[in-house]
Amino acid sequence: MTDPMRVLLVDDQDLVRAGFRMILSVEPDIEVVGEASDGEKAIELALALRPDVVLMDVQMPGMDGITATQRIVAEDAGKVVILTTFDRDDYLFESLGAGASGFLLKNTAPEDLVEAIEVVHSGHALLAPEVTRRVIKRFTGGGERVYRPDLLAELTEREREVLGLIARGLTNTEIAAQLYVGEATVKTHVSRVLLKLGLRDRVQAVVFAYECGLVTPGDDTSS
């Protein structure tokens, strides 16, 4: 039997932590191993407990979540998913710069939160659909192309389709529903796409798709 994914909850609001704990408590492969209400306590618990994933708020008294994320990632004490109420560019890019593996808003659906933990635990990155386009603009805005468009020919038709849906900000659950396949099949396609294209995570996959013209900035990320 596989050990459950160990999660540390960090938020200064007791009710928010309780809500996340309730959502995750029904998942047999997820275990909440600790809770913290500020960045300093988060670092202390991360170093002591070595969780697989840390769900991290940004605005907290004392040390903020971005500073705590940088410390936790530097100490290899867990992968961090930022969860914030505030859809702000500075939070987004500072979080990614600090080494966060995911960035979600607190209005994320419970099933998407669970999927984010699974995706990040598996070594990939995940962005909320609401912020995907801004990441694209930052990393492709007038700069020199950093990926090889010719590698797109290495993908099967279905893999190209999956890459396009990733680039539009869809989660594995949403991709599975749109393509009428199981989530396990989607995960296999995503892994093959990353491997064939030599990409580290979904963030790089999104940038690749835009740079190669598979999708364009005018495409609807919610479709």
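All values reported here derive from a predicted model rather than from experimental measurement. (Residues numbered from 1 in each chain as written. Predicted model: local features only at pLDDT ≥ 70, side-chain atom pairs only at ≥ 80, totals over all residues. Heavy atoms only, no water.)

## With respect to the overall build of the protein
Per the secondary structure count, the protein includes 10 helices and 6 strands. Over its C-alpha atoms the protein spans a radius of gyration of 17 Å, differing by no more than 12% from the 17 Å that the globule rule assigns to 223 residues. With the C-alpha coordinates of the protein rotated into their principal frame, the extents come out at 50 × 40 × 30 Å. For the protein, with 223 residues in total, the buried portion stands at 48%. Carbon and sulfur atoms form 50% of the exposed surface of the protein, whose accessible area is close to 10,700 Å². (Helix = DSSP H or I, 4+ residues; strand = E, 2+ residues; numbered from the N terminus. Rg over C-alpha atoms; globule rule 2.2 N^0.38 Å. Buried < 20%, exposed > 50% of the residue type's maximum accessible area, 1.4 Å probe, protein only. Areas by Shrake-Rupley, 256 points an atom, 1.4 Å probe, with all protein chains shown as cover.)

## Here's the deal with the packing of aromatic side chains
Scanning all chains against the criterion turns up 1 aromatic pair. Seen from their ring centres, Phe86 and Tyr91 are 6.4 Å apart, and the 75° between their planes marks the pair as edge-to-face. Above the plane of the ring of Tyr91 lies Arg88, whose end atom (NZ or CZ) is 4.1 Å from the centre. (Phe/Tyr/Trp six-rings, centres within 6.5 Å; stacked < 30°, edge-to-face > 60°. Lys NZ or Arg CZ within 6 Å of the ring centre and 35° of its normal.)

## Re helix H7 (residues 157-167)
Turning to H7, its buried residues are Glu159, Val162, Leu163, Gly164, Leu165, Ile166 and Ala167. Of the residues trailing H7, Gly169 is marked for its positive phi of about 90°.

## Concerning the side chain of Glu115
Structurally, the position occupied by Glu115 is in helix H5 (residues 110-121). Polar side-chain contacts of Glu115 include one of 3.0 Å to the side chain of Thr173. Sequence-distant contacts of Glu115, defined by excluding residues within four places in its chain, comprise Thr171, Asn172 and Thr173. (Polar contact = N/O pair within 3.5 Å; in protein donor to acceptor, adjacent residues only side chain to side chain. Contact = heavy atoms within 4.5 Å.)

## Some details on the sheet that holds strand S3 (residues 53-56)
The 6 strands lie next to each other as S2-S1-S3-S4-S5-S6, forming an open sheet whose pairing is parallel. At either margin of the open sheet sits one strand with a lone partner, and together these are strand S2 (30-36) and strand S6 (126-127). Sheet topology places strand S5 (residues 102-105) next to S6; 2 bridges connect them, and they run parallel. Of the residues in S6, the one forming a bridge with Gly102 is Leu126. Contacting strand S4 (79-84), S5 and S6, helix H4 (residues 89-98) runs over the sheet at an angle of about 150° to S5. (Pairing = 2+ DSSP bridges. Axes fitted to C-alpha atoms, helices over the stretch in contact; angles between N-to-C directions.)

## Notes on the pairing of S5
The alternating pattern of S5 places Gly102 and Leu104 and Phe103 and Leu105 on opposite faces, both of which are buried. Sheet topology note: the S4/S5 ladder contains 4 bridges and is parallel. Directly across from Thr84, in S5, lies its bridge partner Leu105. With H4 bridging S4 and the parallel S5, this β-α-β connection has right-handed handedness. In this view, the connection linking S5 to its parallel neighbour S6 by way of H5 has left-handed handedness. (Right-handed = clockwise from strand over helix to strand, strands pointing away.)

## Brief notes about the nonpolar core
Counting residues in hydrophobic clusters, the biggest one holds 50 residues, and the most contacted among them are Leu55 and Met56. Per-element accounting of this core gives the leading share, 6 residues, to H5. Setting aside chain neighbours within four positions, we find Leu55 in contact with Val7, Leu8, Leu9, Val10, Leu24, Val81, Leu83, Leu113 and Ile117. Formed by 25 residues, the second largest nonpolar core is a distinct cluster that contains Leu155, Leu199, Ala205 and Ala209. (Core = buried A, V, L, I, M, F, W, Y, C linked by side-chain atoms within 4.5 Å.)

## What to know about the packing of helix H8 (residues 172-179) against helix H9 (residues 183-197)
The interhelical angle for the contact between H8 and H9, taken along N-to-C directions, is 110°, at an axis separation of 9 Å. Taken as axis vectors, H8 and H9 run roughly perpendicular relative to one another. Two secondary-structure elements touch here, H8 through Asn172, Thr173, Ile175 and Ala176 and H9 through Glu183, Val186, Lys187 and Val190. Of the residues contributing to the contact of H8 with H9, the split by class is 4 nonpolar, 2 polar and 2 charged. (Parallel < 35°, antiparallel > 145°, perpendicular 65-115°, else oblique. Nonpolar A, V, L, I, M, F, W, Y, C, P; charged D, E, K, R; others polar.)

## A short note on the UniProt feature "modified residue: 4-aspartylphosphate" (unreviewed entry) in the protein
In the numbering used here, UniProt assigns the feature "modified residue: 4-aspartylphosphate" (unreviewed entry) to Asp57. Following the sequence through the fold, Asp57 ends up in the loop between S3 and helix H3 (65-74). On the accessibility criterion, Asp57 (5% relative accessible area) is buried. Excluding residues that lie within four positions of it along the chain, Asp57 makes contacts with Val10, Asp11, Asp12, Gly65, Leu83, Thr84 and Lys106. (UniProt positions renumbered as here; feature names shortened; annotations may be inferred.)

## As for the domain arrangement of the protein
Taken domain by domain, the protein holds domain 1 (5-136) and domain 2 (144-212). In this structure, domain 1 and domain 2 have C-alpha centres spaced 24 Å apart. For the pair domain 1 and domain 2, the two sides together bury roughly 1,200 Å², of which 65% comes from carbon and sulfur. Between Glu118 and Lys187 there is a salt bridge, and its shortest N-O distance comes to 3.7 Å. Our enumeration of links across domain 1 and domain 2 arrives at 3 residue pairs in polar contact (both at pLDDT 80 or more). Elements that contribute at least two residues to the side of domain 1 that touches domain 2 include exactly H5, S6 and helix H6 (129-140). (Domains from an automatic or database assignment. Buried area = accessible area lost by both parts, 1.4 Å probe. Salt bridge = Lys/Arg side-chain N within 4 Å of Asp/Glu carboxyl O.)

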